[in-house]
Amino acid sequence: MVNKYIILFLLLFPLLVTSCAESKGGYKDTMTCPVDSLQSEMLNDSFMLARPQKLFLADSLLIVADATCGDNLFYVFRASDGSFLKGGGRRGEAPGEVLSFDKIHLDSQKRVAYWDMHKSKLIFYDIKELLSDSVRYFTETALNRGEVQNTSLLDVIPLESGYLYNGNTACHIGFYGTSNSVDAPLLPDIPSLEIARAIMNRSCLEVSPDGKLAVQSTLIGGVVRCYNLDSLRVKEKWLKLFFPPVYKVVEGANPTWITWKQESQMGFEDLCVTNRYIYLLLNGKFAKDKPYANEILVMDWDGNVIKKYQLDCDIKTMAVDESNGFVYGITCGFDTEANIVRFPFD
């Protein structure tokens with residue numbers, strides 16, 4: 001009888017150790033789901049993009065943000081055939097020009113909105129006015145940092161109800177001009193809240209088209225956080241911990257800033273949302289391999305993993321057309337030109 005108990009213990013011991021290790025680590029959410037393979041179709045391989053940052057779908061148009069390609073900040077193409085239409089926006093200090101061009105969104109009016117940290121302004125570019133050859137197709141809105149307890153606004157998303165910001169202090173996600181905000185989450189195995197903020201600040205942030213929900217996904221590690229947006233108030237809806245951030249702290253940075261290490265498992269390169277789903281461009285590989293992303297993780301707004309799309313090429317950024325069943329992307333990789341492609345899906 002004793003021998004039976006000993007044998008049973010030996011069989012169960014590895015499972016017990018694994019269970020404890022997972023509980024201690026805290027990153028227990030799984031990406032297990034059905035996988036569909038998507039095949040790419042070339043839309044445009046003649047326009048010379050340089051370093052595309054973001055891709056948007058605005059009705060029948062594709063907008064590619066690429067501030068290092070020619071004289072403009074972004075370029076407009078037809079979604080149907082990829083044909084080039086026009087470029088817009090400029091770098092600079094003059095009215096309607098942008099100095100810092102890393103944070104870009106599409107607002108409810110289908111305008112391209114740049115948050116310029118250096119100017120503390122939102123610069124809006126009206127695509128319809130641009131394509132109609134209007135000379136002044138931009139507007140500007142200045143924001144005062146003092147309205148957010150002197151927090152540096154890393155990103156600002158314009159909504160019909162107000163301005164949602166990502167700040168670099170305890171005012172992490174909030175509405176501009178209000179006292180309401182939420183701090184970064186306490187992440188497992190992360191030694192301080194300051195580092196947790198730095199991890200969450202290396203992320204993508206997008207708002208659902210109806211303005212009711214927001215989602216944030218990390219570049220380093222696999223963390224996804226969803227927020228309820230209601231009456232200019234922000235509240236965490238759910239937090240998913242897929243795999244841990246492995247990072248190094250940048251010396252001398254204040255507030256704390258982090259970057260990746262060779263051992264870092266890279267998280268989500270891009271984020272696209274509809275009122276139905278969250279689409280996450282998943283890297284999931286280790287930094288030492290200099291990886292690119294070729295998977296899209298689909299989640300619903302309740303935090304359920306629905307499916308995963310396996311792409312036949314690496315892409316840098318994406319846009320999703322659920323109505324017509326297309327994922328649009330821009331190819332990337334070693335010795336790979338940045339071309340506009342699309343992936344049909346059911």
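Look up a bit, the structure's there.
Caption draft 1: Just the sheet that holds strand E16 (residues 181–182), in detail. Spatially, the four strands line up as an open sheet ordered E13-E14-E15-E16, and their pairing is antiparallel. The strands lining the two open edges of the sheet, one partner per strand, are strand E13 (153–158) and E16. As paired elements, strand E15 (residues 173–175) and E16 share two bridges and run antiparallel to each other. Note that in E16 the partner of Gly174 across the bridge is Ser181.

Caption draft 2: How the structure looks around the packing of aromatic side chains. Counting across every chain of the model gives 13 aromatic pairs. Here the aromatic rings of Tyr114 and Tyr125 are separated by 6.0 Å at their centres, their planes lie at 85 degrees, and the arrangement is edge-to-face. Of this pair, Tyr114 sits in strand E10 (residues 111–116) while Tyr125 sits in strand E11 (residues 121–126), placing them 11 residues apart in sequence. Each ring, one from Tyr292 and one from Phe334, has its centre 5.4 Å from the other, and the planes form 80 degrees; the classification is edge-to-face.

Caption draft 3: Molecular detail of the pairing of E11. Bridging between E10 and E11 involves six bridges; their strand directions are antiparallel. Bridge pairing in E11 places Arg111 opposite Asp126. Hairpin geometry of E10 and E11 is characterised by an intervening segment of four residues between the two adjacent antiparallel strands and by a positive phi of about 55 degrees at Ser120. The sheet contact formed by E11 and strand E12 (residues 138–142) spans five bridges and is antiparallel. Across the sheet, the residue bridging to Leu122 is Thr141, located in E12.

Caption draft 4: View of the side chain of Ser208. Within the fold, Ser208 resides in the loop between strand E17 (203–207) and strand E18 (213–218). A polar side-chain atom of Ser208 sits 3.4 Å from the main-chain amide nitrogen of Lys212. Those residues within four positions of Ser208 in sequence are excluded, and the remaining contacts are Leu213, Val273, Thr274, Asn275 and Trp301.

Caption draft 5: Summary view of the pattern of salt bridges. Scanning the model with the defined rule gives 10 salt bridges in all. A salt bridge links Lys307 to Asp36, with the shortest nitrogen-to-oxygen separation between them at 3.0 Å. With Lys307 in strand E26 (residues 305–321) and Asp36 in strand E1 (residues 35–38), the pair connects residues that are 271 residues apart, well separated along the chain. Residue Glu206 is joined to Lys54 by a salt bridge in which the shortest nitrogen-to-oxygen separation is 3.5 Å. Highlighted residues: Glu206 in strand E17 and Lys54 in strand E3 (residues 54–58), separated in sequence by 152 residues. The same class applies to Glu206 as to Lys54, namely buried. Through salt bridges that share partners, Lys54, Glu206 and Asp270 make up one connected network.

Caption draft 6: Structural detail: the sheet that holds strand E9 (residues 103–106). The strand order E9-E10-E11-E12 describes an open sheet built from four strands, whose pairing is antiparallel. What marks the edges here is a single partner per strand, and that holds for E9 and E12. Averaged over neighbouring strand pairs, the angle between their axes works out to 20 degrees when direction is ignored.

Caption draft 7: Quick peek at the nonpolar core. Core analysis: the largest hydrophobic core is formed by 20 residues, its most contacted members being Leu73, Phe74, Val112, Tyr114 and Tyr125. Of all the secondary-structure elements, those providing two or more residues to this core are E3, strand E4 (61–65), strand E5 (74–78), E10, E11 and helix H2 (127–131). Ranked by residues supplied to this core, first place goes to E4 with three residues. Core analysis: the second largest hydrophobic core is formed by 19 residues, Cys33, Val224, Cys226 and Phe268 among them.

How each quantity is defined
- Residues numbered from 1 in each chain as written.
- Predicted model: local features only at pLDDT ≥ 70, side-chain atom pairs only at ≥ 80, totals over all residues.
- Heavy atoms only, no water.
- Pairing = 2+ DSSP bridges.
- Helix = DSSP H or I, 4+ residues; strand = E, 2+ residues; numbered from the N terminus.
- Phe/Tyr/Trp six-rings, centres within 6.5 Å; stacked < 30°, edge-to-face > 60°.
- Polar contact = N/O pair within 3.5 Å; in protein donor to acceptor, adjacent residues only side chain to side chain.
- Contact = heavy atoms within 4.5 Å.
- Salt bridge = Lys/Arg side-chain N within 4 Å of Asp/Glu carboxyl O.
- Buried < 20%, exposed > 50% of the residue type's maximum accessible area, 1.4 Å probe, protein only.
- Axes fitted to C-alpha atoms, helices over the stretch in contact; angles between N-to-C directions.
- Core = buried A, V, L, I, M, F, W, Y, C linked by side-chain atoms within 4.5 Å.

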